[in-house]
Structure formats: structure tokens, C-alpha cells
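Summary of the model geometry
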Amino acid sequence: MRNTARRGVRCGVGLIMGTASAAVELLFAVLAGVALAPVAAWPDGRRAVLRPVLACARFLAELERARLRMWLGLRVTPAYADVRALRYIACRWTLGILGGVVMLTAAVGLAYGTFVLYGWLLLDGIRNPGSLVLGSLGGLFLVFLAVQGIFGVAGLEGQLARHFLGPRHQEELERRIAELSASRAAVVDAVNDERRRIERDLHDGVQQRLVALGMLLGRARRSQDADRRDRLLGQAHDESRRALDELREVAWRIYPTTLDEAGLRAALETVAERASVPVGVEYDLAEEPEQAVATVAYFVVCEAVTNAVKHAAPTRISVAVRAEGERMYVSVRDDGCGGANAGGSGLFGLARRVAALDGSLSVVSPQGGPTLVAAELPCA
């Protein structure tokens, strides 16, 4: 309910600003029509007049894109032709006026809806209480209709912008094919990187432990001194325990069993418990995400926390997981020294993991900190 109210207020402000811009766009459309009408049959003159007209149309369209993104939460690609911007501006002012009418209706309804609070000062409310109550109820009903109209006009704004400024169907298909090709290549690269990392972990860690274990056992077998043999066997026992611990670490980094057994929240809490600095986890998902999404979200948090502890010397790390509509947002923030390299092997590998699910990863890490690693994933 709170998110709906916040979105309604933002859309209302956006429509008010759209009404103001509609007046400018209407004036521009009239002046552009007056300027182009005399030279419509003259190609050179039409091109000369059309050039500044298209530049102004694009400027106004960019202002509309910024308004739609900031207040209505609508994102429109900037890759559109100037002619399409002119067509968009020529049509958009009508929606701006409609938005103004809706906001005026909301204001009138709000005034009547609260009439019961002050109407007794203007009218003989003691003798006519029914009129006050009916007027307020009618005003509240008008506010309800106006709120529906606000969301309706906001939806029409998005459809109109996407129709004139968005990519055509063929362009959208080509873009989607390119994205799928890139994500498929990213999956292959991510698998190869993961395989090399596992090989490196086994070679540098577990294999060295096992070699040392074999050497200790060999020395114990050859020793004729019982006390020395017992010490070597004790060292071999300790080495075997450390090898098992490192093997568990490698298995945990490959895929945590907690993710299957207890879900994403428990896996993230385990990451927080294993970290050497305090890690706070804010988990706000109503239900468990799909396995592939949960796995990528886990590795984003795990890699970001590991990098922060290893390179940034933070005193605290905050992890947040939330869902909005059909998207899931994962963020890891630390108060360390910053300077994280988004093109490094770890974060670059995470970006490819996220891109394989049609998601996006961003890294903000100025020198001196703080560092924010944020991922957006589909969760529908």
C-alpha cells in the first residue's frame, strides 16, 4: 500500500510537469506547422526549415524521456530518429492536457472529500449534516476515479513514448538476438573460468596438503624411533584434517549445499557468519526465487563479500536482497577503502554470470570508499 501511494504521488507530480511541458509542445507544434506550411512544396526550403525544427523536437523529446524516467519510472531508449521525435512531440501534448484534467479532477475531489472538516463553517452544517456527508463521499469517489486516471494516463504516456521513440519490432528482434548471443558466450566463458578456478584451488591448496600428508606418512613408515613416528603420525593427522577443511572450502565455493537444503536466506546468513568482519543481511523476499536466480544471487554476495574483506579492509558490510515486481535486486555495500576494479577477474566473472540470466551488475567504488556492488536479476 505504501509503495502504491508513493508511486501515485510520483506519477501525479510527473503528470503536472507533463501538463506544463504540453503547453510548450503545443506552441512548438503550432509554430513548426506555420514554419513548414509555406515551404512544404519546396525541397530545399523544407530541408532548411526542418533542420532546426527537428533539433528542437529532439531536445523536447529528451526532456520528456528524462521526465518519464524520473517521475513515471519509464525508460525509453535514446536511439531514435529526429523525425520520430517530431511525431512524438506533435502527439504528446494531447496526453499532457489529459493529465492536467485528471490532476484538476483529483484536486476538486480532494476539496469535496475533506468538505466535512470545514463545510460547517461555510454552510449550516448542523441543520444539513446529510449534505456535508454526501458531498464528502462524492468528493472521495471523485478522488478514487482520479487516482485510477493518474495511473491510466501514466500507462498511456509509456505506450506513446515506446511507440514513437522505442525500437521497431525488427530492431527489437535484432537487439534480442545480439543479447542472447552475448549471454551464451558469457555462459561458456563463465563455465571455463569456474573450471580453471576449481583446478587452481585444488592444485594450490588440497593437492599440496595431500603431498605433505604423503611425505609425513612415508617418513613415519621409515622411522625407527617410536616417539618420532608418533609425532609424524600426529602431524599427518593434523594435515589430513586441514586437507579436509580446504576440500570443504572448495566444495562450498563450487556450490553450497545450504542453498538447496535451507534456501537463499540461510546461505547468505552462512556467508555472513563465515566472514571475518560484521556482515548485516537484510532479506526482503516473500518467496524463494528460482534455483538459477538464487545461485547467481548467492555468488554475487559471496564474491563481493570476499573481495571486500580481502582488498578493502572494511569495518562493516551490508547485504540487501529485495524484489520489486518481476525483478530482484541484490546489493553489497562496504565502508572500506574503495577502488574496486569492475574489470577484474572476480567482478567480471560475476557480471557474466548475471548477464547470462538477462540481468545487470554495477560496481560503484570511488577511491576512499564506500563500495557498492549491485545486481538486478529477473525473478518471475
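Residues numbered from 1 in each chain as written. Predicted model: local features only at pLDDT ≥ 70, side-chain atom pairs only at ≥ 80, totals over all residues. Heavy atoms only, no water.

1. Here's the deal with the overall build of the protein chain
Heads up, the condition is: Only DSSP runs of H or I with at least four residues qualify as helices, and only runs of E with at least two residues qualify as strands; both kinds are numbered from the N terminus onward. Burial classification: accessible surface area is computed with a 1.4 Å probe over protein chains only, and a residue below 20% of its type maximum counts as buried, one above 50% as exposed, and the rest as partly exposed. Every residue pair with non-hydrogen atoms within 4.5 Å of one another is taken to be in contact. Each accessible area is a Shrake-Rupley result for a 1.4 Å probe, and residues are judged covered by the shown protein chains and nothing else.
Each helix and strand in the protein chain was counted, giving eleven helices and five strands. Across the 380 residues that make up the protein chain, the buried fraction comes to 35%. Partitioning the intrachain contacts of the protein chain with sequence separation of at least 6 by distance along the chain shows that 70% fall at a separation of at least 24. If you sum the accessible surface of the protein chain, you get close to 22300 Å²; carbon and sulfur atoms cover 61% of it.

2. What about the pairing of strand β4 (residues 360-364)?
Stated precisely, the cut-off is as follows: The rule for pairing is simple: two strands pair if DSSP sees at least two bridges between them.
For β4 and strand β5 (residues 371-378), the ladder comprises five bridges, and the chain directions are antiparallel. Bridge pairing in β5 links S360 to E376. Between β4 and β5, which pair antiparallel in sequence order, lie six residues; one of them, G368, sits at a positive phi of approximately 95 degrees.

3. Digging into the packing of helix α1 (residues 2-36) against helix α2 (residues 43-71)
Going by this rule: Helix axes are fitted only over the stretch in contact, all axes being lines through C-alpha atoms; the angle between N-to-C directions runs from 0 to 180 degrees. For classification purposes, angles smaller than 35 degrees are called roughly parallel, those larger than 145 roughly antiparallel, those between 65 and 115 roughly perpendicular, and all remaining angles oblique. Amino acids outside the nonpolar list (Ala, Val, Leu, Ile, Met, Phe, Trp, Tyr, Cys, Pro) and the charged list (Asp, Glu, Lys, Arg) are all regarded as polar, and Gly is one of them.
Direction vectors running N to C along α1 and α2 enclose 175 degrees, while the axes themselves pass 10 Å from each other. Classified by the interaxial angle, the pair formed by α1 and α2 is roughly antiparallel. Counted by class, the contact of α1 with α2 contains 17 nonpolar, three polar and five charged residues.

4. Quick notes on the nonpolar core
Looking at soluble globular proteins, one finds that nonpolar side chains tend to be buried together. Under the convention used in this document: In plain words, nonpolar cores are sets of buried Ala, Val, Leu, Ile, Met, Phe, Trp, Tyr and Cys residues tied together by side-chain atoms within 4.5 Å.
L264, V279, Y298, V305, V321, M328 and V330 are the most contacted members of the largest nonpolar core, which has 35 residues in total. Within the residue set of this core, elements represented by two or more residues are α9 (264-274), β1 (279-284), α10 (291-312), β2 (317-324), β3 (327-334), α11 (345-355) and β5. In terms of residues, this core owes the most to one element, α10, which gives twelve residues. In this structure, V321 is in contact with L268, E282, Y283, D284, L285, M328, Y329 and V330, ignoring residues within four places of it in sequence.

5. Thoughts on α1
In an α-helix, one turn spans 3.6 residues, which is why side chains three or four residues apart end up on the same side. Which entries qualify depends on this criterion: Take the number of residues in a helix, subtract one, and multiply by 1.5 Å to get its expected span.
The terminal C-alpha atoms of α1, which comprises 35 residues, lie 49 Å apart, in line with the 51 Å expected from a rise of 1.5 Å per residue. Burial in α1 covers these residues: G8, C11, G12, G14, L15, G18, S21, A22, E25, F28, A32 and L36. For α1, the secondary structure elements touched by its buried residues are α2, α3 (82-113) and α5 (129-165).

6. Some thoughts on the sheet that holds β3
With mixed pairing, five strands are arranged side by side in an open sheet as β1-β2-β3-β5-β4. Two strands close off the open sheet at either side, each with one partner strand: β1 and β4. Direction aside, the axes of adjacent strands within the sheet are offset by 10 degrees on average. Relative to β2, β1 runs parallel, the two sharing six bridges.

7. Side note on the packing of aromatic side chains
Two numbers describe a pair of aromatic rings. These are the distance of the centres and the angle of the planes. Applicable threshold: Only the six-membered ring of Trp is used, alongside the rings of Phe and Tyr, when aromatic pairs are assigned; centres must lie within 6.5 Å, and planes under 30 degrees apart are stacked while those over 60 apart are edge-to-face, with the rest tilted. Criterion for a charge above a ring: Arg CZ or Lys NZ at most 6 Å from the ring centre, at most 35 degrees from the ring normal.
Counted under the stated rule, the structure contains two aromatic pairs. Ring centres of Y298 and F299 lie 5.2 Å apart, and the angle between their planes is 75 degrees; this geometry places the pair in the edge-to-face category. The buried category is assigned to F299, whose relative accessible area is 9%. Over the ring of Y80 we find R58; its NZ or CZ atom is 4.3 Å from the centre of that ring.

8. Looking at the side chain of E157
Topologically, E157 is positioned in helix α5. Classification of E157 as buried rests on a relative accessible area of 1%. Those residues within four positions of E157 in sequence are excluded, and the remaining contacts are L15, R67, L68, L72, L74, Y88, R92 and L95.

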